[in-house]
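Descriptive analysis of the structure
For reference, the chains in residue letters:
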Amino acid sequence: MVDAATLGRNVYLLIGGLILLGVGLVLLVAFWTVLKAWLWRARQRRSLRAWLEATRRADGGMYPPHAEGVCQECRRGDRRIYHLPGGEQLCPACYERYWPRVEANPGPEPAIPQPE
Ligand SMILES: [Zn+2]
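Note that the structure is a prediction, hence the values are computed from the model and not measured. Along each chain, residues carry numbers from 1 onward, in the same order as the chain's sequence is written. Where totals are concerned, whole chains, interfaces and linings use all residues; where local detail is concerned, this predicted model gives features only for residues with pLDDT of at least 70, and gives and counts side-chain atom pairs only at 80 or more.

**Quick word on the overall build of the protein**
So the rule is basically this: Labels follow the DSSP assignment, with helices taken as runs of H or I lasting at least four residues and strands as runs of E lasting at least two, numbered in each case from the N terminus. We compute the radius of gyration over the C-alpha atoms and compare it with the globule rule, which gives 2.2 Å times the number of residues raised to the power 0.38.
Looking only at helices and strands, the protein features two helices and three strands. Mapped from its N terminus to its C terminus, the protein presents α and β elements in the order α-β-β-β-α. What you see for the protein is a C-alpha radius of gyration of 33 Å, clearly larger than the 13 Å of a compact globule of 116 residues, by over 25%. Along the longest, intermediate and shortest principal axes, the C-alpha atoms of the protein span 110 × 45 × 20 Å.

What follows is the structure, given as structure tokens:
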């Protein structure tokens, strides 16, 4: 037969243990959530950086649309050939030499037809 004092102490210990277990579980879930949110933000920043590197030139301008083809300058095939508004098709190496030269010396402005 268990005496009432021992039974009471054991019930208190059991309740205390369950409360500690619950608090520990809540802390573990909170830590896990913060860790996952931090990892998600780091992955998102890395993904944005990779997207910007793939779509932006060194000066921040957009690369023109591209497709698989043959470069008109060096005659090499590439999976990424830029199609320029003027009709030129350039590989990334030739385009990197092309755009600073063209944007430093833009051609004449297109003539705007004047009303008679
Ligand atoms: Zn080329």
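**Comments concerning the sheet that holds strand S3 (residues 89-90)**
Sheets are built from strands paired through backbone hydrogen bonds, the pairs being either parallel or antiparallel. Let me state the cut-off plainly: Two strands are counted as paired when DSSP detects at least two bridges linking them.
Ordered by their spatial adjacency, three strands build an open sheet running S1-S2-S3, and the pairing between neighbours is antiparallel. Pairing within the sheet leaves two strands with one partner each, and these edge strands are strand S1 (66-70) and S3. Looking at chain direction, S1 and strand S2 (residues 77-83) are connected through four bridges and run antiparallel. When the bridges of S2 are listed, Gly-69 appears paired with Asp-78.

**Some points on the nonpolar core**
Quick note on the threshold: Take the buried Ala, Val, Leu, Ile, Met, Phe, Trp, Tyr and Cys residues, join any whose C-beta atoms are within 7 Å, and the set you get is a nonpolar core. Any residue with 12 or fewer other C-beta atoms within 10 Å of its own C-beta is exposed, any with 20 or more is buried, and the rest are partly exposed; the C-beta atoms used are placed from the backbone. Remark: residues whose backbone-derived C-beta atoms lie within 7 Å of one another are considered to be in contact.
Among the nonpolar cores identified, the biggest contains five residues, and these are Ile-81, Tyr-82, Leu-90, Cys-91 and Tyr-95. Not counting the four nearest positions on each side in its chain, Tyr-95 is found in contact with Tyr-82 and Leu-90.

**Brief notes about the environment of Arg-9**
Within the secondary structure, Arg-9 is located in helix H1 (residues 4-55). Along the backbone, Arg-9 and Cys-94 are 85 residues apart, and their C-alpha atoms lie at a distance of 82 Å.

**Here's the deal with the domain arrangement of the protein**
Selection rule: An automatic or database domain assignment supplies the residue ranges for each domain.
According to the domain assignment, the protein consists of domain 1 (1-55) and domain 2 (66-104). On a C-alpha basis, the centroid separation for the pair domain 1 and domain 2 is 53 Å.

**Points about H1**
Keep this limit in mind: Expected helix span is taken as 1.5 Å per residue step, with the number of steps being one fewer than the number of residues.
With 52 residues, H1 should cover 76 Å at 1.5 Å per step; its first-to-last C-alpha distance of 76 Å lies within 8% of that length. Little of H1 is tucked away: zero of the 52 residues are buried.

**With respect to the environment of Leu-20**
Tracing the chain through its elements places Leu-20 in helix H1. For the pair Leu-20 and Cys-91, spaced 71 residues apart in the sequence, the C-alpha separation amounts to 64 Å.

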